[in-house]
Amino acid sequence: FEDIVEFSANYIMKSDLRSAILGISGGLDSTVVSAIAYEVSKKFGIEFIGVELPSSTNSFEETLSSAATTSAFCENNKKLNISTFYNTMADSCFW
């Protein structure tokens, strides 16, 4: 974990980033990446913005996890329901 945080921190330093934005679905991947981004943001004092991405395809547990993750790790959080976007893409791409 510390190696990943250090690698990510080095990338942010080289890129001169001042904030990080992460879409958080409530799944395991976005939760782990949130923990990494949180540690990096603390280390460098950059703003970490978490965006909850609830969708009609998410389970109730994923929706709860997304909210808990943004509350725990993000100094600034938003919520964007992506159900309409998902349904539009699904209608366009799947027969």
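As the structure is a prediction and not an experimental result, all values here were calculated from the model.

A. Expanded view of the pattern of salt bridges. Within the structure shown, the criterion is met by three salt bridges. Among the ionic pairs, Glu 39 bridges to Lys 42, the shortest N-O distance being 3.6 Å. In this pair, Glu 39 and Lys 42 both sit in helix α2 (residues 28-44), three residues apart, roughly one turn of the helix. Given a relative accessible area of 49%, Lys 42 falls into the partly exposed group.

B. Spatial organisation of the layout of surface pockets. In this structure, the largest pocket occupies an estimated 200 Å³ of space. Elements with a contribution of two residues or more to the lining of the largest pocket: α1 (2-15), β1 (19-24) and α2. If one sorts the elements of the lining of the largest pocket by residue count, α2 sits on top with five residues.

C. The packing of α2 against helix α3 (residues 60-73), seen in detail. Direction vectors running N to C along α2 and α3 enclose 5 degrees, while the axes themselves pass 10 Å from each other. Judged on the interaxial angle alone, α3 and α2 are roughly parallel. For the pair formed by α2 and α3, the contact residues are Thr 31, Ser 34, Ala 35 and Tyr 38 on the first element and Ser 65, Thr 69, Ala 72 and Phe 73 on the second. Here the residues of the contact of α2 with α3 are counted per class, giving four nonpolar, four polar and no charged.

D. Geometry of the packing of aromatic side chains. Taken as a whole and judged by the stated rule, the model has one aromatic pair. Seen in terms of ring centroids, Tyr 38 and Phe 73 are 5.5 Å apart; in terms of plane orientation they differ by 50 degrees. Their pairing is tilted. Here Tyr 38 is found in helix α2, whereas its partner Phe 73 is found in helix α3, with 35 residues between them in sequence. Accessibility expressed as a relative area gives 26% for Tyr 38, which makes it partly exposed.

What counts, and at which threshold
- For every chain, the first residue of the written sequence is number 1, and numbering continues from 1 onward in sequence order.
- This being a predicted model, a pLDDT of at least 70 is required before a residue's local features are given, and a value of 80 or more before pairs of side-chain atoms are given or counted; all residues contribute to the totals for chains, interfaces and linings.
- Calculation of side-chain values draws on the structure's entire complement of heavy atoms; hydrogens and water are dropped beforehand.
- In the sections that follow, a salt bridge refers to a side-chain nitrogen of Lys or Arg positioned within 4 Å of a carboxyl oxygen of Asp or Glu.
- Secondary structure follows DSSP: runs of H or I at least 4 residues long count as helices, runs of E at least 2 residues long count as strands, and numbering of each begins at the N terminus.
- When accessible area is computed with a 1.4 Å probe and restricted to protein chains, residues below 20% of their type maximum are described as buried, those above 50% as exposed, and intermediate ones as partly exposed.
- Cavities and pockets were defined on a 1 Å grid built over protein atoms only: a cavity is a set of grid points that admits a 1.4 Å probe from which the probe cannot escape, a pocket is an open set flanked by protein on both sides within 12 Å along at least five of seven lines, and lining residues are those with an atom within 4 Å of any such point.
- Grid points are joined across faces, edges and corners, and a volume is the space filled by probe spheres set on the points.
- Between N-to-C directions, angles cover 0 to 180 degrees, with each direction set by a line fitted to C-alpha atoms, over the stretch in contact for helices.
- Should an angle fall under 35 degrees it is called roughly parallel, over 145 degrees roughly antiparallel, and 65 to 115 degrees roughly perpendicular, with every other angle called oblique.
- Residues are treated as being in contact if the distance between any of their heavy atoms lies within 4.5 Å.
- Put simply, Ala, Val, Leu, Ile, Met, Phe, Trp, Tyr, Cys and Pro go in the nonpolar bin, Asp, Glu, Lys and Arg in the charged bin, and everything else, Gly too, in the polar bin.
- Two aromatic rings from Phe, Tyr or Trp, using only the six-membered ring of Trp, form a pair when their centres are within 6.5 Å; if the ring planes differ by under 30 degrees the pair is stacked, by over 60 it is edge-to-face, and anything between is tilted.

Purely geometric stuff here, so don't read any function into it on its own.
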